[in-house]
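Residue-level structure breakdown
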Amino acid sequence: MEHAVQVENARKFIEYLESKTTAMAEAEYRNPVSQYTCPERLSREQALLFSHYPLHIGFSCEIPEPGDFKTDDFSGVPILLVRGEDGKANAFLNVCRHRGAPVAEGCGKGQRRFTCPYHAWVYGADGALEYIPGEDGFEALDRSTHGLRPLPVQEKYGMIWVKTEPGDDFEIDDSLQGVERDLATYGFEGFHHFETGVLRPKMNWKLVIDTFLESYHIKVLHHRSIAPLIESNVATFEDFGINHRGIYVRKNFDELLARPENEWNILPYTTMVYVLFPNTVLVVQQEQIETWRVYPDGDDPNASKMHVSLYTPNAPKTESATRHWRNNMDLLMKVVNEEDFPLGEKMQFGFHSLAQDHLTFGRNEPALAHFHSALDRVLAEGIAAE
Ligand code: FES
Ligand SMILES: [Fe+2]
């Protein structure tokens, strides 16, 4: 984060902590309960958000060398992400052009050829169809037009985005709408991928994202875990078009103020929570980076699945460094698995009781209002355009 922006946020925290307040939206926001339960709403989201928007699929450090690859089906289409010989990140539909089997499974390193497990057609890391066993049987087939179908992909700021439909290239800054100024400062290019876990709570995918968007609940729901570390109901908020950034302040914030302003680095004293539209939560805290890439689980509005990734500033070189990051990964999974998501699943259940037709986001919860209004705006524009 640029130094001037850090100072601006630090000044806001000084004011908020002194006056016991937080960033406030102009008004309360009523969010219809049906947005979390309605199958039609989910199918509009699937059709517009998860098909037409670039989705963040991982960090560059997950596929650092040519032939490094990973697969990902969570968006609803099978994606193969692989670094080409030329160093560029390529994305393909993970579908063999013979009869459709996936040509790669899981993830791997240095794989220059992908051999389909069904009849052994062979593709290069650039997607080209290189070899057909028994080619006599396919005399009329033009190999040059039967490579893996490429997907639009862009790698920038040490992160990778993919569109799940074949088509034209995109410029990710058009979607980031200013938040890239922050992303460019973190040096994600040099990070190390520590681990990615999978969670599948019985909650609407947006309710999962809501979990991260206010600090109002910290001293109540998290009183046994993170409440001693992070101030409740004190946050700064900034929107970047359809994206936003909320910053929470840690209880050691006073230590920052002991330093001269030109040395202020707010990272050790804050937790930054970004929503990268539509479905990624990026958390920057102290040295580590977490991403939560959240998707609907099939056609059920009551279920989601997500990849939870932890990235560290460098690869751990000692056992104690590995233990440190392992503990951090375990802690973040434990907090959501034992505190946020069990309650979220009960909320999802209660949504169907018709106790109320809307939820109320307080003025002190501006990020929630921003996330849902951005979704509504995009869905409404998409529908109008069709
Ligand atoms: S389906 Fe891939 S080689 Fe036959
Ligand atoms: Fe929480």
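Residues numbered from 1 in each chain as written. Chains lettered and ligands numbered in written order. Predicted model: local features only at pLDDT ≥ 70, side-chain atom pairs only at ≥ 80, totals over all residues. Heavy atoms only, no water.

**Re the coordination of the iron ion (ligand 2)**
Heads up, the condition is: A donor here means an N, O or S atom no more than 2.8 Å from the metal, or no more than 3.2 Å when the metal is Na, K or Ca. Since water is not included, a site may seem to lack partners. Key to geometry: four donors with every angle between 85 and 135 degrees are tetrahedral; four donors are square planar and six octahedral where opposite donors lie over 155 degrees apart and all remaining angles lie between 65 and 115; all other sites are irregular. Secondary structure elements are taken from DSSP: a helix is a run of H or I of four residues or more, a strand is a run of E of two residues or more, and numbering for both begins at the N terminus. Burial classes: relative accessible area under 20% of the type maximum marks a residue as buried, over 50% as exposed, and values in between as partly exposed (1.4 Å probe, protein chains only).
Every protein donor of the iron ion (ligand 2) is accounted for by His217 (NE2), His222 (NE2), Asp340 (OD) and Asp340 (OD), and the metal-donor separations fall at 2.1 to 2.8 Å. Taken together, the four donor atoms coordinating the iron ion (ligand 2) and their angles of 50 to 151 degrees define a geometry best described as irregular. Read in sequence order, the donor residues for the iron ion (ligand 2) give the motif H-x4-H-x117-D. Residue His217 is found in the loop between α6 (205–210) and α7 (218–221), and its partner Asp340 is found in helix α9 (residues 319–351); the two are separated by 123 residues along the sequence. Asp340 shares its class with His217; the two are buried.

**Quick look at the packing of aromatic side chains**
Note the threshold: Any two of the Phe, Tyr and Trp rings considered here, Trp counted by its six-membered ring, make a pair once their centres fall within 6.5 Å; the pair's planes then place it as stacked at under 30 degrees, edge-to-face at over 60, or tilted in between.
Evaluation of the coordinates by the stated rule reveals 16 aromatic pairs. Centre to centre, the rings of Tyr29 and Phe361 are 5.8 Å apart; their planes meet at 10 degrees, and the pair counts as stacked. Remark: Phe361 occurs in strand β20 (residues 358–361) and Tyr29 occurs in strand β1 (residues 29–32); sequence separation between them is 332 residues. Since its relative accessible area comes to 19%, Tyr29 is described here as buried.

**Examining the domain arrangement of the chain**
By convention, interface size is frequently given as the accessible area that disappears when the constituent parts associate. Test applied: Domain delimitation in this document rests on an assignment produced automatically or drawn from a domain database. Contacts are assigned to residue pairs with any non-hydrogen atoms lying within 4.5 Å of each other. Buried area adds together the accessible area that both of two parts lose upon being put together, with accessible area traced by a 1.4 Å probe. A carboxyl oxygen of Asp or Glu within 4 Å of a side-chain nitrogen of Lys or Arg is what we treat as a salt bridge.
Domain annotation of the chain identifies domain 1 (3–53 + 176–385) and domain 2 (55–169). A C-alpha centroid distance of 31 Å is found between domain 1 and domain 2. Facing 29 residues of domain 1, the contacting portion of domain 2 comprises 19 residues. Summed over both sides, the interface of domain 1 with domain 2 buries roughly 2,100 Å², with 63% coming from carbon and sulfur. On inspection of domain 1 and its partner domain 2, the count reaches one salt bridge. Residues Asp72 and Arg293 are paired through a salt bridge, measuring 3.1 Å at the closest nitrogen-oxygen approach.

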